Structure formats: C-alpha cells, structure tokens
Amino acid sequence: MKDCIFCKIVRNEIPSYTVYEDDIVKAFLDISQGTPGHTLVIPKKHIANIFDYDEELASAVFARIPKIARAVKASNPDIKGMNILNNNGQVAYQSVFHSHFHLVPRYTSNDDFKMIFKDNSNKYSPEQLKAIQESIEQHMGD
C-alpha cells in the first residue's frame, strides 16, 4: 500500500529502529515506547488485520514472534514479563491498518501499562454460552 506508514517503513522510506528483519517480517521499536523495549512485529506483506492472514503467512509470522520476544526480554534484566497484543479493527484500538503485534515488556505491575479483563460470567447462562459456542463452531470452515 502506497500510503501505509508500515509499508513505508518496510521499504525504508521512513526510518525505524529495526531490531530484526528477514524476508517475511520486520520488527522495530514502537515510537511511543509504552514501556522501554516496546517492539512491533509486522509482516512485510501488507495485511490489514488478523482476518486477512492465510495459514502460510500466519505460520511464518507467528513462528518468529518467540525469537524476537526472547531477544527483547534478554536485552534488559529488569524485564519480568511481556504482553503480546494484536488489535484488529478500530473498535479494538487498531490505529495503523497494517497488521502488527505489540511486544510490550513488563517491568513491574506499576509500569503504567494496563489491561482490564472484566468478569462478565454472571451475565451468561449455560444456554447462552452454548449458543455462542455453536455459532463459532459453525463458522470454523469459513
């Protein structure tokens, strides 16, 4: 995509702090640095989001994430954990519509990075959960 900022980074039209690159992916520091070492992993091929991956590209991209994550973690002995995030669609906080995975190093539980998973289990009956399950199962071949 001509105007995609990540495609421009792949083509070296925009500088980046690249930490890893091969024929399939490029990994570079997120300019916002949510925490020190915050890295983005992107496929070099323009893919808008997770829904556009085929199995081959998904396998190739996902296979590289642990290696990059280990390097980020090894880069600083203060890193105690890591969130790996992938946002898909504007409602899910995707702001650049070229698929990317955030590797966010975690130093402490007070490092200014938050995720909230609310417990809504009391809002669903077993029948409602079964209906959701069956709906998803029906679309597994799509």
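Scoring rules and cut-offs
Residues numbered from 1 in each chain as written. Predicted model: local features only at pLDDT ≥ 70, side-chain atom pairs only at ≥ 80, totals over all residues. Heavy atoms only, no water. Helix = DSSP H or I, 4+ residues; strand = E, 2+ residues; numbered from the N terminus. Buried < 20%, exposed > 50% of the residue type's maximum accessible area, 1.4 Å probe, protein only. Contact = heavy atoms within 4.5 Å. Areas by Shrake-Rupley, 256 points an atom, 1.4 Å probe, with all protein chains shown as cover. Salt bridge = Lys/Arg side-chain N within 4 Å of Asp/Glu carboxyl O. UniProt positions renumbered as here; feature names shortened; annotations may be inferred. Pairing = 2+ DSSP bridges.

Per an unreviewed UniProt entry, the protein carries the name HIT family protein and comes from Lentilactobacillus parakefiri.

A separate point is the overall build of the protein. Helix and strand counts for the protein stand at 3 helices and 5 strands. In terms of overall dimensions, the protein has a C-alpha envelope of 50 × 40 × 25 Å along the principal axes. In the protein, which comprises 142 residues, the share counted as buried stands at 35%. For the protein, contacts bridging at least 24 residues in sequence account for 51% of all contacts bridging at least 6. Total accessible area on the protein is roughly 9,700 Å²; 56% of this is exposed by carbon and sulfur atoms.

Our focus in this paragraph is the pattern of salt bridges. For the structure on display, the rule yields 6 salt bridges. Across the pair Glu21 and Lys26 runs a salt bridge, and its minimum N-O distance is 3.5 Å. For Glu21, a relative accessible area of 37% puts it in the partly exposed group. Through salt bridges with shared partners, one network takes in Glu21, Lys26 and Lys44.

As a further point, take unusual backbone geometry. Unusually for a residue other than glycine, Asn12 sits at a positive phi of about 60°. Looking at the element boundaries, Asn12 is found in the loop between helix H1 (5-10) and strand S1 (18-21). Owing to a relative accessible area of 56%, Asn12 belongs among the exposed residues under this scheme. Residues other than glycine seldom take positive phi values, yet Gln33 does so here, at roughly 45°. Checked against the element boundaries, Gln33 lands in the loop between strand S2 (25-29) and strand S3 (39-43). Residue classification places Gln33 among the partly exposed residues on the basis of a relative accessible area of 28%.

In the UniProt entry, the feature "active site" (unreviewed entry) is given for His100. Inspection of the secondary structure puts His100 in the loop between strand S4 (81-85) and strand S5 (101-106). His100 has contacts with Phe6, Leu40, Val41, Ile42, Leu85, Asn86 and Gln94, leaving out every residue within four places of it along the chain.

Among the 5 residues that make up S3, 5 are buried, leaving the element largely enclosed by the rest of the structure. Pairing geometry for S2 and S3, over 5 bridges, is antiparallel. Directly across from Val25, in S3, lies its bridge partner Pro43. Of the strand pairs in this sheet, S3 and S5 are connected by 3 bridges, and their pairing is antiparallel. The residue bridging Thr39 from the neighbouring strand is Leu103, located in S5.

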